[in-house]
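# Examination of the molecular architecture
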Amino acid sequence: MTTASATVERPEDEKLPLGRTFIYGLQHILTMYGGVIAPPLIVGGAAGLSATDMGLLVTAGLFVSGLATILQTIGVGPFGARLPIVQGLSFASVSTMTAIAKDGGVRPIFGAIIVAGLIGLALSTIFAKLIRYFPPVVTGTIITVIGLSLLPTTFTWSMGGAGAKDLGSTANIGLAGLTLLIILVISRLFQGAISRLSILIGIVVGTGIAAIFGKVDFSRVGTGPVFALPPVMHFGTPTFQIGAIISMTIVILVIMTETTADILAIGEIVNTPVDAKRVASGLRADMLSTTVAPAFSAFPCSAFAQNVGLVALTGIKSRYVVAMGGGILAVLGLLPVVGRVIAAIPYPVLGGAGIVLFGSVAASGIKTLSRVDFDGNLNMVIVAVALGMGMIPVAAPKFWDQFPTAVGTIMHSGISAAAVVAVVLNFLFNEIKAGNRPDVSVFAAVPDERSNPPKPSSGH
């Protein structure tokens, strides 16, 4: 028998009108498009592929990212967190894949991804049980680091994008600033649907202004096919090299850590329960998409943190909106001509929008930390050290270069570094019931400007 409470939908289950669902979904794709096409271009270049083959890598990445997003949001059986999470090609794997590509091309990359993906799939349930070690002091720190770690990317975009001949020009930075100003004005002057579309409107208007001043290159839009199915095993049968597999398995563990953090972050933002079972379902979808990706000449998938920021900024919590975005992404993988149009968006425009998006992720983390009790405990130390470790890859990218590859692979990602440090310190300081607790008087002396701070719940 259906009760009244059973009919109440969770925030992520809200269904919007088709038109709004499409527009909001498109906004998600415009936000993350640059992040999807970058890994294929970087890895393809390292492997010495032709322009045609690199274009195929890009198309395959779009197609697989779209299908992975649909699986994650809609879900099939035990696969999918059923949350508004956008899946895309992971940047965490780029450096490892580049190193493999320089030695053996793309075939050993695909072989390593298949094996590592299967290992990740097998570990998903066990990995998800670690969620009890992710209380607000941990998740808030990780979410903050996610946002802060993404900001350097948007600053590079604002300057014109890596490798731009006019990198850092006043024209590029001015265009980024103008895009940011448009987004802020729309957010301030309008409410409702228009305000929630501020990012999309800012990108469209910013691109239009850039086109007027000759800053948009549409010359490649008409080059290549309009429609193309992604070929299966285009580069031949994957090869399996033990060194590549070990390196990729470490990367997969990093990706699983980042995806877990993003699932917890979106749960906080949407204000919906996220338990170990739901995290496991999300990780399974992530790992299944990663395992299948090489068949279409695509790379590992992971949750996209910038889209977590978009959910926080717009307040649109519906997973069906993101599923629509996944459908758009998959279609773009079948219609290279549309993808080429979107690829023409200038990087400074994306940079201006990214400042708001990535900053929103960090702000969400700070909001989560505001619920943490910092009195009479070592939570401040946990946050301080984890934030510091998470910022090392941002402030000093070569910090871990002289360490073993396994250490460098984990610690070169600020997100995974912060996650590992925060979880370990929280376990040592809060989970282990030591007989003699350390003297925390020095930390209690730090003034707390919040009046009547809330106590954390007993659950995690």
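Just so you know, these numbers come straight off a predicted model, no measurement behind them.

A tally of helices and strands in the protein yields 18 helices and 2 strands. Here the C-alpha atoms of the protein give a radius of gyration of 22 Å, agreeing with the 23 Å that 2.2 N^0.38 yields for 460 residues. Within the protein, the proportion of its 460 residues that are buried is 53%. Within the protein, contacts between residues separated by at least 24 positions form 84% of all contacts whose residues are at least 6 apart in sequence. Here the protein holds 26 positive side-chain charges and 20 negative ones, and the gap between their average locations is 5 Å.

This part covers helix α1 (residues 18-46). With 29 residues, α1 should cover 42 Å at 1.5 Å per step; its first-to-last C-alpha distance of 42 Å lies within 8% of that length. The largest bend in α1 comes to about 50°, at methionine 32. Where α1 terminates, the next one or two residues include glycine 48, which has phi positive at roughly 75°.

This paragraph deals with the packing of helix α9 (residues 242-270) against helix α11 (residues 305-314). At their nearest, the axes of α9 and α11 sit 10 Å apart, and the two run at 5° to each other. Comparing the axis directions of α9 and α11 gives the class roughly parallel. Contacts from Asp262, Ala265, Ile266, Ile269 and Val270 of α9 reach α11 at Ala305, Val308, Val311 and Ala312. Taken together, the residues of the contact of α9 with α11 sort by class into 8 nonpolar, no polar and 1 charged.

Scanning all chains against the criterion turns up 7 aromatic pairs. Geometrically, the ring pair formed by phenylalanine 110 and phenylalanine 235 is tilted, given 6.2 Å between the ring centres and 40° between the ring planes. Placement of the pair is phenylalanine 110 in helix α4 (residues 107-128) and phenylalanine 235 in the loop between α8 (198-212) and α9, with a sequence separation of 125 residues. Classification of phenylalanine 110 as buried rests on a relative accessible area of 2%. Assessed through its relative accessible area of 15%, phenylalanine 235 is described here as buried. Here the aromatic cluster, defined as three or more aromatic residues joined through ring pairs, consists of Phe110, Phe235 and Phe299. Lying across the ring of tyrosine 320, lysine 15 places its NZ or CZ 5.2 Å from the centre.

Looking now at the confidence of the model for the protein. Confidence in the prediction for the protein averages 85 pLDDT; 92% of positions are at 70 or higher. In the model of the protein, helix α18 (residues 441-444) stands out as the element of lowest mean pLDDT, 38, in contrast to helix α10 (residues 276-292), which has the highest, 96. Predicted confidence is poor over residues 1-8, with pLDDT under 50, and the contacts of this stretch with residues over four places away or in other chains come to 1 contact.

Using the criterion set out here, one finds 6 salt bridges in the structure. Aspartate 13 serves as the salt-bridge partner of arginine 10, at 3.2 Å between the closest nitrogen and oxygen. For arginine 10, a relative accessible area of 35% corresponds to the partly exposed category. The exposure class of aspartate 13 is buried, given its relative accessible area of 14%. The structure contains a network of salt bridges with shared partners spanning Arg10, Glu12, Asp13, Arg278 and Arg319.

Further remarks concern α9. One turn of the α-helix equals 3.6 residues, which is why residues spaced by three or four share an orientation. Taking 1.5 Å per residue, 29 residues should reach 42 Å; α9 reaches 41 Å between its end C-alpha atoms and fits that length. Most of α9 is tucked away, with 23 of its 29 residues classed as buried. Looking one or two residues beyond α9, the residue adopting positive phi is asparagine 271, at roughly 65°.

A separate point is the environment of leucine 57. In this structure, leucine 57 sits in helix α2 (residues 51-74). Between the C-alpha atoms of leucine 57 and histidine 234, which are 177 residues apart in sequence, the distance is 9.8 Å. Contacts of leucine 57, omitting those with residues within four sequence positions, involve Pro40, Gly44, Leu49, Phe110, Phe235, Ser297 and Phe299.

Thresholds applied
Residues numbered from 1 in each chain as written. Predicted model: local features only at pLDDT ≥ 70, side-chain atom pairs only at ≥ 80, totals over all residues. Heavy atoms only, no water. Helix = DSSP H or I, 4+ residues; strand = E, 2+ residues; numbered from the N terminus. Rg over C-alpha atoms; globule rule 2.2 N^0.38 Å. Buried < 20%, exposed > 50% of the residue type's maximum accessible area, 1.4 Å probe, protein only. Contact = heavy atoms within 4.5 Å. Lys, Arg positive; Asp, Glu negative; His and termini not counted. Charge placed at Lys NZ, Arg CZ, Asp CG, Glu CD. Expected span 1.5 Å × (residues − 1). Bend = angle between axes of the 7 residues up to and from the residue. Axes fitted to C-alpha atoms, helices over the stretch in contact; angles between N-to-C directions. Parallel < 35°, antiparallel > 145°, perpendicular 65-115°, else oblique. Nonpolar A, V, L, I, M, F, W, Y, C, P; charged D, E, K, R; others polar. Phe/Tyr/Trp six-rings, centres within 6.5 Å; stacked < 30°, edge-to-face > 60°. Lys NZ or Arg CZ within 6 Å of the ring centre and 35° of its normal. pLDDT = per-residue confidence, 0-100. Salt bridge = Lys/Arg side-chain N within 4 Å of Asp/Glu carboxyl O.

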